[in-house]
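The chain contents come next:
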Amino acid sequence: MSFVTVSDVLAGKVSVGTTVTVRGWVRTRRDSKAGISFINIHDGSCFDPVQAVVENSLPNYSSEVLHLTTGCSLAVTGTVVESAGKGQAFEIQATTVEVLGFVEDPDTYPMAPKRHSMEYLREHAHLRARTNVTGAVMRVRNCLAQAIHRFFHERGYFWVATPIITASDAEGAGELFRVSTLDLLNVPKTEQGEVDFKQDFFGKEAFLTVSGQLNAETYACALSKVYTFGPTFRAENSNTSRHLAEFWMVEPEVAFADLNDIAHLAEDMLKYCINAVLTERADDMAFFAQRIDPTVIERLQHVVSNDFVHMDYTDAVEILQNCGKKFEYPVSWGTDLQSEHERYLAEEHVGAPVVLKNYPRDIKAFYMRQNDDGKTVAAMDILAPGIGEIVGGSAREERLDKFDQRLAELGMDPEDYGWYRDLRRYGTVPHAGFGLGFERLVSYVTGMTNIRDVIPFPRAPKSADF
RNA sequence: UCCCCAGUAGCUCAGUUGGUUAGAGCGGUGGACUGUUAAUCCAUGUGUCGUUGGUUCGAAUCCAACCUGGGGAGCCA
């Protein structure tokens, strides 16, 4: 007798006639008065549950088996047999049903075997993990994460763990969460009456990182090809279906690369990941196609079998101005594109992910490499239909004089960028990289419309339960 | 943070031009039936009507503030 997963049984990896034990949770129980009960058991190893056939001759049949409800945990030992019923190839003819834990009050068990709203499931984040939809999302999420590591590993990239706590208050990417051990009720003050951060844990102000990019650049300028993959924190008061206060980001950084190199890298990576999901998680994807987004699979197949459309910002503005569509916000060169513009480009004009390149420098970050035209920088965004910006990247300004000039224009203090400038002072090289919002990728691949449903425990403004 | 919408049973919702005992489906429970599989059929409803305050003889219903959630916008990944 051996322990096996539901996945192995259903996939036929266990020979018929073998005695095995599966352990998991009850999805549904159906009784036949002919003297049998059918128990669907899931253990998370795959989408489908396995069916255990339980005869009323078992000693605990009427005392326990007939009281099993959705959510009960158990270990079922029995023989793997070809199913006599329709709907599954294999099932387990039970010889022992050991109840590990009953649901103490089935009437109030939050995960009834019925449709729940996503909002409701979110309020029960610890139990939604047992539902079809959340289980499927998390298996796909894992598949994507593994594919990302595999993709980079196969191409000679090194995974760099950039710090989560940063004392650099100049990353310039939005609001920061403060990290401090000071007593909020009794904050030490300087003689000038300001908070005395010298007495804080790090001896200076510290925050949670908003990006691993600047640190990743230092390792790209040494190991040549690196990437980060870890949590990122933004204290922005963003209340949307595509923002989180804590999310995961993938940030490759590549020495000797230019904008087109990383645009193609991003495209290759996205296709690699989508292919992995389509082949490895066909069961979960079939569920998403059935219940979440009917077009999800053909949409992904279209993405992997076509080249991304590359387009300069300048050309995009022209397209938007001449498309004849009425926008709420006017389009003009030099302003950032609105959501409605990005949606039009990705969803209507192209109908697939689109790579927008070479944005006006005034609407982009200080570290992006200036183009020869003096007006634009080598930046690119990849816009996905239904999601919007999924990737943002750029070539980094590696020329010290240009970099300092840009800092001066923006009134920024070079002192704050000491180690970052050193990379330009000592053996500088052209390099480029991008950031991919991991949860946005999971959303896009699964068809889930709210980003809070593709991370186990979402953190957002006014929301940090569990 | 801004705009719009919502908050009624374990869940999804109906209801209310202010007025006696607040409803349905699903779930659960009991029964019938069946190698069943979102099973089916019958029975079964004790609910601070989001919170606080106000108007009123009377508020789940009207008003205000707040809280929470959803959609959209901004910020971005």
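Residues numbered from 1 in each chain as written. Chains lettered and ligands numbered in written order. Predicted model: local features only at pLDDT ≥ 70, side-chain atom pairs only at ≥ 80, totals over all residues. Heavy atoms only, no water.

J.: Give me empty space enclosed by the protein: which residues, what numbers.
T.: To locate leftover empty space, one rolls a probe as large as a water molecule over the atoms. Per the stated rule, a full pass over the model turns up 1 cavity of 30 Å³ or more. As for the largest cavity, its lining consists of L270, I274, V303, F308, P353, I382, A384, I390 and Y444. For the lining of the largest cavity, the secondary structure elements donating two or more residues are α5 (259-280) and β15 (376-384). Here the lining of the largest cavity is built from residues that sort into 9 nonpolar, no polar and no charged. (1 Å grid on protein atoms, 1.4 Å probe; cavity = no way out; pocket = protein on both sides within 12 Å on 5 of 7 lines; lining within 4 Å. Points joined across faces, edges and corners; volume = space filled by probe spheres on them. Helix = DSSP H or I, 4+ residues; strand = E, 2+ residues; numbered from the N terminus. Nonpolar A, V, L, I, M, F, W, Y, C, P; charged D, E, K, R; others polar.)

J.: Please set out the nonpolar core residue by residue, giving values where relevant.
T.: Residues F288, M380 and L436 are the most contacted members of the largest nonpolar core, which totals 94 residues. Among the elements that take part in this core, α5 stands out by supplying 13 residues, more than any other. Counting the residues that make up this core, at least three belong to each of domain 1 (3-101) and domain 2 (132-174 + 210-453). Excluding residues within four positions of it along the chain, L436 makes contact with I148, W248, M249, V250, M269, L270, I390, V391 and L441. Among the nonpolar cores identified, the runner-up in size contains 25 residues, and L214, L345, L356 and L407 belong to it. (Core = buried A, V, L, I, M, F, W, Y, C linked by side-chain atoms within 4.5 Å. Buried < 20%, exposed > 50% of the residue type's maximum accessible area, 1.4 Å probe, protein only. Domains from an automatic or database assignment. Contact = heavy atoms within 4.5 Å.)

J.: Just give me the short version of the protein's contact with RNA strand B, but keep the residues and values in it.
T.: Around RNA strand B lies a shell of 55 residues, among which K86, D107, R122, H243 and R440 are the nearest. Protein-proximal atoms of RNA strand B, defined as those within 4 Å of the protein, fall in sugar or phosphate at a share of 49%. In the model, a base oxygen of RNA strand B is placed 2.8 Å from a nitrogen or oxygen of the Q51 side chain. Side-chain polar atom of S238 to a base oxygen of RNA strand B: 2.5 Å apart, as the coordinates give it. Among the residues forming the surface near RNA strand B, the class breakdown is 15 nonpolar, 23 polar and 17 charged. (Near = heavy atom within 4 Å. Polar contact = N/O pair within 3.5 Å; in protein donor to acceptor, adjacent residues only side chain to side chain.)

J.: Describe a nonpolar patch on the surface, and please don't skip the residues or the numbers.
T.: On the surface, I164, I165, F201 and F202 cluster together to form a nonpolar patch covering roughly 390 Å² of accessible area. Topologically, F202 is positioned in the loop between β9 (178-179) and β10 (206-208). (Patch = residues over 30% accessible without salt bridge, like charges linked within 9 Å, V, L, I, M, F, W, Y side chains within 5 Å. Areas by Shrake-Rupley, 256 points an atom, 1.4 Å probe, with all protein chains shown as cover. Salt bridge = Lys/Arg side-chain N within 4 Å of Asp/Glu carboxyl O.)

J.: Residue-level account of the domain arrangement of chain A, with values.
T.: When cut into domains, chain A gives domain 1 (3-101) and domain 2 (132-174 + 210-453). Between domain 1 and domain 2, the C-alpha centre-to-centre distance is 45 Å. Tallying the contact residues gives 5 residues for domain 1 and 7 residues for domain 2. Summed over both sides, the interface between domain 1 and domain 2 buries roughly 490 Å², with carbon and sulfur atoms accounting for 48% of that surface. Taken together, the connections running from domain 1 to domain 2 amount to 0 salt bridges. At the boundary of domain 1 and domain 2, one finds 4 residue pairs in polar contact (both at pLDDT 80 or more). For the side of domain 1 that touches domain 2, the per-class residue count stands at 2 nonpolar, 2 polar and 1 charged. (Buried area = accessible area lost by both parts, 1.4 Å probe.)

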